[in-house]
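# Summary of the model geometry
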2 protein chains.
Amino acid sequence: MARRGPTNAAQASAPTSVDVARLAGVSPATISLVLNGRASKVRISDETRDRVIAAAAQLGYTPNHAARSLRQRRTNIITFVLPTLDNPYFSDVVRAAQTAAQQHGYAVSVIPAKTMPGEFHALSFLQGAAFDGIIVAGRENCTAAELRQLAARGVAVVVLQEHSPDSAIQSVSVDLEAGGYMATRHLIDLGHRRIAHVTEKLHEPGTRRDRLDGYCRALEEAGLTFDPSLVLTAENTMAGGSNATEQLLDLGALRPTAAFMYNDQMAVGALHALRVRGLRVPDDFAVVGFDGVAIGQFTAPTLTTIDHPREELGRLAIEALITAFEKRPADMREHLLPVKLVVRESCGGGKTSPPKARRRAQAK
Amino acid sequence: MARRGPTNAAQASAPTSVDVARLAGVSPATISLVLNGRASKVRISDETRDRVIAAAAQLGYTPNHAARSLRQRRTNIITFVLPTLDNPYFSDVVRAAQTAAQQHGYAVSVIPAKTMPGEFHALSFLQGAAFDGIIVAGRENCTAAELRQLAARGVAVVVLQEHSPDSAIQSVSVDLEAGGYMATRHLIDLGHRRIAHVTEKLHEPGTRRDRLDGYCRALEEAGLTFDPSLVLTAENTMAGGSNATEQLLDLGALRPTAAFMYNDQMAVGALHALRVRGLRVPDDFAVVGFDGVAIGQFTAPTLTTIDHPREELGRLAIEALITAFEKRPADMREHLLPVKLVVRESCGGGKTSPPKARRRAQAK
DNA sequence: CAGTTCTGCTAAATCCTTTTAGCTAATTCG
DNA sequence: CGAATTAGCTAAAAGGATTTAGCAGAACTG
């Protein structure tokens, strides 16, 4: 009822536990005990409990986040660092992570770090540590040293799709190498001999086993020689995939008959470039994507791709974080999830259009 | 050098301002003054300043976020509440918002609220107010009352694409109604008479002037009667757009010859459904999307759409928030940004394939 | 009835930084 | 030279919730 100051009715400031305590006729300590269900440690009568709850409800009381975090030395927030928001891949991963996190009492917030202008290295924001743990996808934004520093400070860190840079850091990945192998092998089985691979960027050696490794393994296994001119680097967007594909088509006689693209997004770009150039897919040129996101089911033609267990990835990342919070020794430092080939139309070979595909794939 | 406790070297905990103060031989107050550049208020000698900076660097000191927030009553974090992460539309908006926010010293974090399982209404997380301001896109997650409550607590609120629910809340939108009009008018101009509109959901009356309003206005202006059977509601995904389009195609003799889709995502689904049914676009059926996101340039055929000033939207949202922080009276409570028609292939009428389009559009 | 055990609650410390009044020593002024 | 500034820094309070030792009274116990 009674406001703090006498005259400043306009000053709308959030009620504190002291306000609730006063209204309920108890001490602030009791407010905390009741509202956090600390009944196991300290006894509170039902009557008092009800009174506190009613008072809190009446005032619309919510504990001050900063104060609570300060005292508890934890925020109950997990931050998911993504390169950008424009990759639907992470939508599924984050959704699953949220579900898992919530079950453990954590909220998930997302930071698209690559879009940060200027010198933003996750670090600057991260060091403030307005969160208890962090899941890093897309290491462009933090060096291994930065991550180690965070971990050393007591922030739990999990990296996605890369090798762990530190013994205190767990990693959760899908088997990119196997995916690369499956995609390339699929094209080889369909008769392709000159197969391009468009990737995002050549990662630092040792940080991960990537699509490219699987691509090479498949070629080697089939007795095909690796041709560096067929491996391109492009921006990870539809436009990037389109541009890279144009470059491939400009190779003339040495032009490949198929491309294994870094992800579905870039594969969509590839399909576009091929259409613009008047090439039929899969008859004149085959395309395999990577990730298995929704768009692949809606392109013309639909996209053969390597599907990832994205939900599992998000769930595991959270679980790895939780074990780190609890200082439990992780049963595994690196989690590796399997991928699977999903055959649709863009390579032929699927159920949808079996006849022409195999024949033409060899052409050229 | 010297650690806190004698034996617990393993206990890695972040250094505090007291640690830095001790090392630099000054008081914690000085640490704060130096590191925050409060030189204007309190004088610190250059020598001391350098010593403090060196000490902070040596220990890798970063102020504790919770303590700072508690004292300053602000977090310097702005939260962007999105329905989901799988809509590329927001990628551009958030990127621009980040840039703008950073210039004012704020960091932006994103919460995909619709993906929150269970009873998550932004509120539960939001009330903790681990942020100073919030931009809400996709009101599914917060009722007007909840937003008002937040605003009353002193959290600055900006809503996107809806009318402001409260005088203390600014809104920033693009002119959805005009967009709906332009899209529909474009189809009418191309000769279409039975034009469908697939939307996400029929919003609460009064919360916004939406695409549907523009659609109706264009029909009316052209003397066409509104046919409720041509207005469908579907899930805001490619699959949703595809399903809705199938329903439209099942209308038999009453089948429309064109569809104006809620957004580009759903339009991609529509193109897919049409292809599956063997209809040619734009010859047999025309499609207009909405939003102007990248995918529209890469579909087959490419997508005619209503382009939004997404960067402007993000930037303005932040600016509205900043004025709210500073308690400046907003010069405008509702900002409305213009949209524009981008003609590509999916309706004909563009530069790419002008001849057939107009002729066939009338067919049936 | 004195002693013990519960019950139910509170006082006070703590988390870490920021902020402001004010102190001390050095400098300047008249 | 004493008084008034000024420079340079610090002490201490504040911010709001959580946590733990412990108090006061009620209920038992022998």
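It should be emphasised that the depicted structure is a prediction, and the values quoted were computed from it without experimental measurement.

### Considerations on the pairing of strand β6 (residues 195–199) of chain B
All names here are of chain B. Where burial is concerned, most of β6 is hidden: 5 out of the 5 residues are buried. With burial as the criterion, each face of β6 is covered, one bearing Ile195, His197 and Thr199 and the other bearing Ala196 and Val198. Pairing between β6 and strand β8 (residues 258–261): 4 bridges, direction parallel. When the bridges of β8 are listed, Val198 appears paired with Met261. Examined bridge by bridge, β6 and strand β7 (residues 231–233) share 3 bridges and lie parallel to one another. Bridge assignment links Val198 to a residue of β7, and that residue is Leu232. Remark: the β6/helix α9 (residues 211–221)/β7 crossover connection has right-handed handedness.

### Description of the protein's contact with DNA strand D
Not every one of the 29 residues close to DNA strand D is listed here, only the nearest: Ser17(A), Thr30(B), Arg43(B), Ser45(B) and Thr48(B). The sugar-phosphate backbone supplies 66% of the atoms of DNA strand D found within 4 Å of the protein. Between DNA strand D and Thr30(B) there is a distance of 2.4 Å, counted from a phosphate oxygen to a side-chain nitrogen or oxygen. Arg71(B) places a side-chain nitrogen or oxygen 3.2 Å from a base nitrogen of DNA strand D. Secondary-structure elements contributing two or more residues to the surface near DNA strand D are α2 (28–35) and α4 (65–72) of chain A together with α2 (28–35) and α4 (65–72) of chain B. Take the surface near DNA strand D: its biggest share by element is 4 residues, from α4(A). Here the surface near DNA strand D is built from residues that sort into 13 nonpolar, 10 polar and 6 charged.

### Considerations on the relation of the copies chain A and chain B
The transformation that overlays chain A on chain B combines an axial shift of 0.1 Å with a rotation of 180°, and the residual RMSD is 0.1 Å. The superposition operator between the copies reduces to a two-fold rotation axis. In this assembly the copies share their binding face: 100% of the residues contributing to the interface of chain A also contribute to that of chain B.

### Remarks on the sheet that holds β7(B)
Residues and elements named next belong to chain B. Pairing is parallel in the open sheet, where 4 strands are placed in the order β7-β6-β8-β9. Bordering the open sheet on either side are β7 and β9 (286–288), each of which pairs with just one other strand. The sheet shows a mean angle of 20° between the axes of neighbouring strands, direction not considered. Together, β6, β8 and β9 form the strand contacts of helix α11 (residues 264–276), whose direction differs from that of β9 by roughly 165°.

Analysis parameters
Residues numbered from 1 in each chain as written. Chains lettered and ligands numbered in written order. Predicted model: local features only at pLDDT ≥ 70, side-chain atom pairs only at ≥ 80, totals over all residues. Heavy atoms only, no water. Buried < 20%, exposed > 50% of the residue type's maximum accessible area, 1.4 Å probe, protein only. Helix = DSSP H or I, 4+ residues; strand = E, 2+ residues; numbered from the N terminus. Pairing = 2+ DSSP bridges. Right-handed = clockwise from strand over helix to strand, strands pointing away. Near = heavy atom within 4 Å. Polar contact = N/O pair within 3.5 Å; in protein donor to acceptor, adjacent residues only side chain to side chain. Nonpolar A, V, L, I, M, F, W, Y, C, P; charged D, E, K, R; others polar. Least-squares fit on C-alpha atoms with pLDDT ≥ 70 in both. Contact = heavy atoms within 4.5 Å. Axes fitted to C-alpha atoms, helices over the stretch in contact; angles between N-to-C directions.

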